[in-house]
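# Coordinate analysis (summary)
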Amino acid sequence: MSVSDEFDDWAARGKDRGMEDRHWHTAKHVLARMPVEAGDTVLDLGCGSGYAGRALKETKDAGRAYGIDASPAMAENARSYTDDPDVGYLVGDFEHLPFETDSVDHCVSMEAFYYASDPDAVLEEVARVLGPDGTFHCAVNYYEENVHSHAWDELVDVPMTRWSAAEYRNAFREAGLAVAVQDNVPDRDIEIPPESEFPTEEWDTREAMVERYREFGTLVTVGVAP
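Residues numbered from 1 in each chain as written. Predicted model: local features only at pLDDT ≥ 70, side-chain atom pairs only at ≥ 80, totals over all residues. Heavy atoms only, no water.

- In the nomenclature of an unreviewed UniProt entry, the chain is known as SAM-dependent methyltransferase of Haloarcula pellucida.

### Some points on the UniProt feature "domain: Methyltransferase type" (unreviewed entry) in the chain
- Those residues carrying the UniProt feature "domain: Methyltransferase type" (unreviewed entry) are residues 43–137 in this numbering.
- Within the segment residues 43–137, helix and strand shares are 32% and 31% respectively, and the terminal C-alpha atoms sit 10 Å apart. (UniProt positions renumbered as here; feature names shortened; annotations may be inferred. Helix = DSSP H or I, 4+ residues; strand = E, 2+ residues; numbered from the N terminus.)

### A short note on unusual backbone geometry
- Here the amide bond leading from phenylalanine 198 into proline 199 is cis, since omega sits at 0°, within 30 degrees of zero.
- Assignment of secondary structure puts proline 199 in the loop between β6 (178–185) and α7 (206–216).
- Not every positive phi belongs to a glycine, and aspartate 102 is a case in point at roughly 60°.
- Secondary-structure assignment places aspartate 102 in the loop between β3 (87–91) and β4 (104–110).
- Residue classification places aspartate 102 among the partly exposed residues on the basis of a relative accessible area of 48%. (Buried < 20%, exposed > 50% of the residue type's maximum accessible area, 1.4 Å probe, protein only.)

### Re the nonpolar core
- Ranked by size, the top nonpolar core spans 44 residues in total, and within it Leu45, Phe113, Leu123, Val126, Phe136 and Leu177 carry the most contacts.
- Sorting the residues of this core by element identifies α1 (3–12), β1 (41–45), α4 (72–80), β4, α5 (119–129), β5 (130–140) and α6 (165–174) as the ones contributing at least two each.
- Ranked by residues supplied to this core, first place goes to α5 with five residues.
- Setting aside chain neighbours within four positions, we find phenylalanine 113 in contact with Pro119, Val122, Leu123, Phe136, Cys138, Val140, Trp163 and Tyr168.
- Core analysis: the next-biggest nonpolar cluster, separate from the first, contains 23 residues, Val42, Leu56, Ala75 and Val185 among them. (Core = buried A, V, L, I, M, F, W, Y, C linked by side-chain atoms within 4.5 Å. Contact = heavy atoms within 4.5 Å.)

### A few points about α5
- Across the 11 residues of α5, eight count as buried, placing the element largely inside the fold.
- Among the residues of α5, Pro119, Ala121, Val122, Leu123, Glu125, Val126, Ala127 and Val129 are the ones counted as buried.
- Those residues of α5 that are buried lie in contact with β1, β4, β5 and α6.

### Considering the packing of α1 against helix α2 (residues 15–33)
- It is at 5 Å that the axes of α1 and α2 come closest, and there the two elements cross at 90°. Regarding the angle of α1 to α2, the classification is roughly perpendicular. Facing α1, whose interface residues are Phe7, Trp10 and Ala11, α2 presents Lys15, Asp16 and Met19.
- The residue inventory of the contact of α1 with α2, partitioned by class, reads four nonpolar, no polar and two charged. (Axes fitted to C-alpha atoms, helices over the stretch in contact; angles between N-to-C directions. Parallel < 35°, antiparallel > 145°, perpendicular 65-115°, else oblique. Nonpolar A, V, L, I, M, F, W, Y, C, P; charged D, E, K, R; others polar.)

### Some details on the pattern of salt bridges
- Considering all chains together, one arrives at nine salt bridges under this definition.
- Note that arginine 17 is salt-bridged to glutamate 20, the shortest N-O span being 3.0 Å. In this pair, arginine 17 and glutamate 20 both sit in helix α2, three residues apart, roughly one turn of the helix.
- For arginine 17, a relative accessible area of 34% corresponds to the partly exposed category.
- In this structure, the salt-bridge partner of aspartate 86 is arginine 64, at a minimum N-O distance of 3.6 Å. Of this pair, aspartate 86 sits in the loop between α4 and β3 while arginine 64 sits in strand β2 (residues 64–69), placing them 22 residues apart in sequence.
- Arginine 64 sits in the partly exposed class, given a relative accessible area of 25%.
- Residues joined by salt bridges that share partners form a network here, namely Arg17, Glu20 and Arg54. (Salt bridge = Lys/Arg side-chain N within 4 Å of Asp/Glu carboxyl O.)

### Digging into α1
- When we look at burial in α1, the residues that qualify are Glu6, Phe7, Trp10 and Ala11. On an axial view of α1, the arc spanned by its buried residues comes to 135°, and they lie on one face.
- Along its buried surface, α1 packs onto α2 and α4.
- Just past α1, the residue glycine 14 takes up positive phi, approximately 75°. (Arc of directions from axis to C-beta.)

### Concerning the sheet that holds β1
- Sheet architecture is open: seven strands sit in the order β3-β2-β1-β4-β5-β7-β6, paired in mixed fashion. Two strands in the sheet have a free side with no partner beyond their single neighbour: β3 and β6. Here the strands of the sheet are splayed against their neighbours by 15° on average, with no regard to which way each runs.
- Here α2 sits on the sheet and contacts β4, β5, β6 and β7 (218–224); the angle it forms with β6, its principal contact strand, is near 150°. (Pairing = 2+ DSSP bridges.)

Right under this line is the structure:
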């Protein structure tokens, strides 16, 4: 199944809002870090319900916020969630961004980069569309060090790329993006039951759940364009 087909199905079943709720636990911290100034143009790769673009427009006063998604149904849903004329959602793939060179001030991708068919090409495209000193905040919870994520590719019928933190840094640099910072943003919002309630349907031990959410959390790599 293609990425488009998979997430068209998710959008039809209303799972885009569920994704937004789950990802917001760490996304809100990633978006708050972004050095967006009033009037800037921002781009969200794998926008889903479009929450990141809306948040950057509302909280950082971005001039234009764009989201791009491979799923037409996701983009359609995202459009229906806002009437702001300065927020737009497009259908397309990350490897061929429909933006002019140096036309974007800041780019973000929340839990979507690993669905790219050619992640190296995506980074080259991001480096192309970013203006001087523009940033790319790439956030993923499916990565090599997070052992609790390794089975996730069995839950979706599309290929996924599982890089290590070092592989993310190397790929960013190969694309011409300087790595400003790389760290983990913990999920402190999700409730972790007391030890007496384990094992649960999803977790054998409380220690494993704590490790997944409080220690591994979301891996964030921040690249800066020259």
